[in-house]
Amino acid sequence: MKKTQYDAVIVGAGPNGLAAAITLQQQGLSVLLIEGKDTIGGGMRTLELTLSGYAHDVCSAIHPMALGSPFFATLPLSDYGLEFIHAPLAAAHPFDDGSAVFLSRSLSDTAEALGNDAERYRSLIGPFADHWEALASDSMGPLRFPKNPLLMAKFGRYALQPADVLVSRFQNPRTRALWAGMAAHAIQPLHNLASSAVGLMLLAVGHRKGWPIPKGGSQAIADALATYFVSLGGEIRTGVWIEDLDDLPPHKVALFDVTPRQLDKIAGNRLKKSYSKQLKKYRYGMGVFKMDWALDGPVPFRSADARSAGTVHLGNTFEEIAEGEWKTSKGQHVETPFVLLAQQSLFDTGRVPEGKQAVWAYCHVPNGSTQDMSRQIENQIERFAPGFKDRILARNTMDTQAMETYNPNYIGGDINGGIIDIRQLYTRPVLSLSPYRTSLKQVYICSSSTPPGGGVHGMCGYHAARLALQDIFGIRIPGL
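Residues numbered from 1 in each chain as written. Predicted model: local features only at pLDDT ≥ 70, side-chain atom pairs only at ≥ 80, totals over all residues. Heavy atoms only, no water.

Caption draft 1: Up close: helix α17 (residues 459-473). Taking 1.5 Å as the rise per residue, α17 with 15 residues should run 21 Å; its terminal C-alpha atoms sit 20 Å apart, in good agreement. The set of residues buried in α17 consists of M459, C460, G461, Y462, H463, A464, A465, L467, A468 and L469. Looking at the buried positions of α17, the neighbouring elements they touch are α1 (15-25), β10 (251-256) and β16 (443-445). Looking one or two residues past α17, G474 carries a phi angle of roughly 65 degrees, positive in sign. (Helix = DSSP H or I, 4+ residues; strand = E, 2+ residues; numbered from the N terminus. Expected span 1.5 Å × (residues − 1). Buried < 20%, exposed > 50% of the residue type's maximum accessible area, 1.4 Å probe, protein only. Contact = heavy atoms within 4.5 Å.)

Below is the structure:
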């Protein structure tokens, strides 16, 4: 690597690395973004994983937080080729009887379908959906005094509750099941403190912004961010692995879009022992077993609502989902796992040959598991969509080891950069009011292992870069 002096070097071109690079480049600095893979994107890559002509999202697929991100909202990404598609319904949750409950952009439509829970649902989710921008600004970052303290106090009152406690607010089994599917996105047992936070955010942003599908695949988000970064004067190098700090070109500051395990290895004995000890104690959560299919037609869900949704949650009742997530967190593999399924090509038809479909799904498994969950996942889909298996033309599977090989940040298949429970909700990767700083003055961490955690939103990178601008360059920019 040539020895050009850069103001900043970013390692890792996932959503947070890209966000950090853009934030620094916007201030006129010279910024180099380094990616170990041959293509940028991290969790935002789209490849032909099954058959030629079928575009599959390798990891992230549906992107509510991309539209809901305060940082992405400031960028002119539509000018750089990014276009979002909205399915008629954001999400659906089918039941064994062939019916389903759904999440619609319309709060009223969703609530009215919940029967006797309609007003309870409106009163819980409505204030957060109505004030999404304020909620996102205060919650999607490090722990600090909020700009909207009353709103955050109300959010905290519910978000810090275990999901299996907050569910007692609802009486209708359909509402309880909808809530279970949303809360299970947190990838932790539903009895954990703060396991309600992710579910509340997903419901609120769904009503405010929807759960959109990037046209052409998740790679389109990465490409738009990268093109915008380069248009500002930034530089990107791919196919370069950084194993040690000495591998970096001369720089004034380095930001790492990596998890604590990689950072500790790359920085080695340069870190203070007390800081390195905290990184070594960082906890990773459950992994995922992920599948993609090329299908000879749409998934034949019995429910019309499920056939109209971009995302489908498969798990039937609250009790079934809660039990499965608890058992998985204890190292067990369940026969009827909670399955998250996305059918992007049903609405983004350019991803597949005419009349065909590319379908994406995963279930949670113990961290590091190598057990093949193909049978369990396909059985769970068949349960709600009889005839699904008959439409399979080809499949691709990725266990936790394959996920980590694809993206080293997915330790043991953990796609959230570490469990986001009460102990690591804001204290990630260490207990600090400035969690993006490391014990090295010129080194920062900007991955999903920092607040606010996993998701394609770029807020971890934005906050880390904003702090580096202040610390290293004396540049203060207004917070979002």
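Past the structure itself, the notes keep going.
Caption draft 2: Examining the sheet that holds strand β2 (residues 31-35) more closely. On the basis of which strands lie adjacent, the open sheet formed by 5 strands has the order β9-β2-β1-β10-β16 and parallel pairing. Two strands in the sheet have a free side with no partner beyond their single neighbour: β9 (235-238) and β16. The mean angle between the axes of side-by-side strands here comes to 20 degrees, regardless of whether they run parallel or antiparallel. Relative to β10, strand β1 (residues 6-11) runs parallel, the two sharing 5 bridges. Looking across to β10, one finds that I10 is bridged to L255. Against the sheet, α1 makes contact with β1, β2 and β10, and its axis sits at roughly 170 degrees relative to β2, the strand it touches most. Contacts from helix α10 (residues 219-231) reach β2 and β9, with the element oriented near 130 degrees to β9. (Pairing = 2+ DSSP bridges. Axes fitted to C-alpha atoms, helices over the stretch in contact; angles between N-to-C directions.)

Caption draft 3: Local environment of empty space enclosed by the protein. Per the stated rule, a full pass over the model turns up 3 cavities of 30 Å³ or more. For the largest cavity, the calculated volume is near 40 Å³. As for the largest cavity, its lining consists of Y121, L124, I125, F170, T175, L178, W179 and L203. Split by residue class, the lining of the largest cavity holds 7 nonpolar, 1 polar and no charged. Each pocket or cavity is described by its volume, and for the second largest cavity that value is around 40 Å³. Lining the second largest cavity are G315, E320, I321, G324, E325, T336, P337 and F338. Residues of the lining of the second largest cavity, tallied by class, amount to 3 nonpolar, 3 polar and 2 charged. (1 Å grid on protein atoms, 1.4 Å probe; cavity = no way out; pocket = protein on both sides within 12 Å on 5 of 7 lines; lining within 4 Å. Points joined across faces, edges and corners; volume = space filled by probe spheres on them. Nonpolar A, V, L, I, M, F, W, Y, C, P; charged D, E, K, R; others polar.)

Caption draft 4: Structural context of the layout of surface pockets. One number sums up the size of the second largest pocket: a volume of about 270 Å³. Taken together, 13 residues line the second largest pocket, and the ones lying closest to its centre are P142, H463, R466, L467 and Q470. Among the residues making up the lining of the second largest pocket, the classes are represented as 7 nonpolar, 3 polar and 3 charged. A domain split of the lining of the second largest pocket shows at least three residues from each of domain 1 (4-46 + 55-80 + 212-281 + 416-471) and domain 2 (83-211 + 283-404). (Domains from an automatic or database assignment.)

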